[in-house]
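Read off the chains here:
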Amino acid sequence: MDTIINVFGDKANLIWGGVVGGLTYIFGGHWAIFVLFLVLNVVDYVYGVLKAMATNTMSSAKGAKGVVKKVSYWVVIALAFGLSCVFVEIGAAVGVGLGFLQLLGWFVLAIYIINEITSILENMVALGVDVPPILLRGLAAAKTAVDAAGNKVVPENGSGREDNDRS
């Protein structure tokens, strides 16, 4: 019996090592953040379905739209990370420091994580779960802080400089 358990343990460790290695290769050292986002996507979808069932608004069209929306989040995240890499490389090639754009993908991912958690909590509230209001306010504050940090890196006016720096 010990042999079976050891063989199973060895295979499970090998598989888990392969999964972690693959995720690290694809997403880098921060793969756990991307896995968290995937888990949040699934949890939000499940709570959305539960809310639709509770409110008798269940529809396959809405469900399909939800799946497309979740996949679109991943596309936008991939674009944000991809664009930041491209522009940093272009900047290096032409001698312009665009390293700050590496943060673009992380800001997008952070906003989507906050939005997913907020959506999960809103669905819970609709289902009658007692969610502490401080948690919802804390998420709103986190979103404001991430937006403000993003605006420091890439100002909203799109000029690349703060409004008070105009000559």
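These numbers come from a predicted model, not from an experiment.

What counts, and where the lines are drawn
- Counting of residues starts from 1 at the beginning of each chain's written sequence and follows it residue by residue.
- The predicted origin of the model limits local features to residues at a pLDDT of at least 70 and limits the giving and counting of side-chain atom pairs to 80 or more, whereas totals for whole chains, interfaces and linings rest on all residues.
- With hydrogens and water excluded, all non-hydrogen atoms of the structure serve as input to the side-chain values.
- Like charges within 9 Å and nonpolar side chains (Val, Leu, Ile, Met, Phe, Trp, Tyr) within 5 Å are joined into patches, using only residues over 30% in relative accessible area that form no salt bridge.
- Only the protein chains shown count as cover for residues, with accessible areas throughout obtained via the Shrake-Rupley method and a probe of 1.4 Å.
- Salt bridges, as used here, are contacts in which a Lys or Arg side-chain nitrogen is within 4 Å of a carboxyl oxygen on Asp or Glu.
- Strands here are runs of E lasting at least two residues and helices are runs of H or I lasting at least four, both read from the DSSP assignment and numbered beginning at the N terminus.
- Exposed residues in this analysis have more than 50% of their type's maximum accessible area, buried residues have under 20%, and partly exposed residues fall in between, with area computed by a 1.4 Å probe over protein chains only.
- UniProt positions are given in the numbering used here, feature names are shortened, and annotations may be inferred rather than shown by experiment.
- Cavity means a closed set of points on a 1 Å grid over the protein atoms alone, one where a 1.4 Å probe fits but cannot get out, pocket means an open set with protein on both sides within 12 Å along at least 5 of 7 lines, and lining means a residue has an atom within 4 Å of a point.
- Grid points are joined across faces, edges and corners, and a volume is the space filled by probe spheres set on the points.
- Just so you know the grouping, Ala, Val, Leu, Ile, Met, Phe, Trp, Tyr, Cys and Pro go in nonpolar, Asp, Glu, Lys and Arg go in charged, and all remaining residues, Gly too, go in polar.
- Two aromatic rings from Phe, Tyr or Trp, using only the six-membered ring of Trp, form a pair when their centres are within 6.5 Å; if the ring planes differ by under 30 degrees the pair is stacked, by over 60 it is edge-to-face, and anything between is tilted.
- Multiplying one less than the number of residues by 1.5 Å gives the expected span of a helix.
- Picture the helix axis, draw a direction to every C-beta atom, and the arc is the one those directions span.
- Residue contacts follow a heavy-atom distance rule, with two residues in contact if any of their heavy atoms lie within 4.5 Å.
- The angle between two axes is taken between their N-to-C directions and runs from 0 to 180 degrees, where each axis is a line fitted to C-alpha atoms and a helix contributes only its stretch in contact.
- Should an angle fall under 35 degrees it is called roughly parallel, over 145 degrees roughly antiparallel, and 65 to 115 degrees roughly perpendicular, with every other angle called oblique.
- Definitions for this section: a left-handed crossing has its near helix turned counterclockwise from the far helix by less than a right angle. A right-handed crossing has that turn clockwise.

Visitor: Would you mind showing me how to read a nonpolar patch on the surface here?
Guide: Taken together, the side chains of Y45, V67, V71, V75, L79, L83, V86, F87, I90, V94, V96 and L104 define a hydrophobic patch exposed on the protein surface, amounting to about 990 Å² of accessible area. For the nonpolar patch, the leading source of residues is helix α3 (residues 60-94), giving 9 residues. Within the secondary structure, I90 sits in helix α3. I90 gets classed as partly exposed once you look at its relative accessible area, which sits at 43%.

Visitor: Which parts of the structure should I look at to understand the UniProt feature "transmembrane region" (unreviewed entry) in the protein chain?
Guide: UniProt records the feature "transmembrane region" (unreviewed entry) at residues 31-50, 71-90 and 96-114, using the numbering of this structure. Taken end to end, residues 31-50 comprises 100% helix and 0% strand; its first and last C-alpha atoms sit 29 Å apart. The span residues 71-90 is 100% helix and 0% strand, and its two end C-alpha atoms sit 28 Å from each other.

Visitor: I'm lost on the layout of surface pockets in this one. Help?
Guide: Gaps left between atoms show up when a probe the size of a water molecule is rolled over them. Within this model, the largest pocket holds a volume of roughly 530 Å³. What lines the largest pocket is a set of 21 residues, and nearest its centre among them are D44, G48, K62, G66 and N123. Of all the elements in the fold, those that place two or more residues in the lining of the largest pocket are α2 (31-54), α3 and α4 (103-126). Sorting elements by how many residues they give to the lining of the largest pocket places α3 first, with 7 residues. Looking at the lining of the largest pocket, its residues break down into 5 nonpolar, 9 polar and 7 charged.

Visitor: Where do I start with the packing of aromatic side chains in this structure?
Guide: Aromatic ring pairs: the centre-centre distance and the angle between the two ring planes describe each pair. Summed over all chains, the structure comprises 7 aromatic pairs. On the basis of an interplanar angle of 55 degrees and a centroid distance of 5.8 Å, the ring pair of F34 and W106 is categorised as tilted. One end of the pair, F34, is in helix α2; the other, W106, is in helix α4, with 72 residues separating them in the sequence. We classify F34 as buried; its relative accessible area is 6%. With a centroid separation of 5.1 Å and an interplanar angle of 50 degrees, the aromatic rings of F37 and W74 are classed as tilted.

Visitor: Explain helix α5 (residues 133-153) here, please?
Guide: Side chains three or four residues apart in an α-helix point the same way, a direct result of the helix having 3.6 residues per turn. Its 21 residues give α5 an end-to-end C-alpha distance of 31 Å, which sits within 8% of 30 Å, the value for a rise of 1.5 Å per residue. All of the buried residues along α5 are L139, V146 and G150. Projected down its long axis, α5 carries its buried residues within an arc of 35 degrees, all on one side. With respect to the buried face of α5, the exposed residues turned more than 90 degrees away are P133, I134, R137, T144 and K152. On its buried face, α5 is in contact with α4.

Visitor: Quick question: what am I supposed to make of the packing of α2 against α4 here?
Guide: Axes are the key here: two packed helices are described by the angle between their axes and the distance separating the axes. The interhelical angle for the contact between α2 and α4, taken along N-to-C directions, is 30 degrees, at an axis separation of 9 Å. By the angle class used here, α2 and α4 are roughly parallel. The way α2 lies across α4 gives a crossing that is left-handed. Residue-level inspection shows I33, F34, F37, L40, N41, V43, D44, Y47, G48 and K51 of α2 in contact with α4, the latter providing W106, L109, Y112, I113, E116, I117, S119, I120, N123, M124 and A126. Each residue belonging to the contact of α2 with α4 can be placed in one class, and the counts come to 14 nonpolar, 4 polar and 3 charged.

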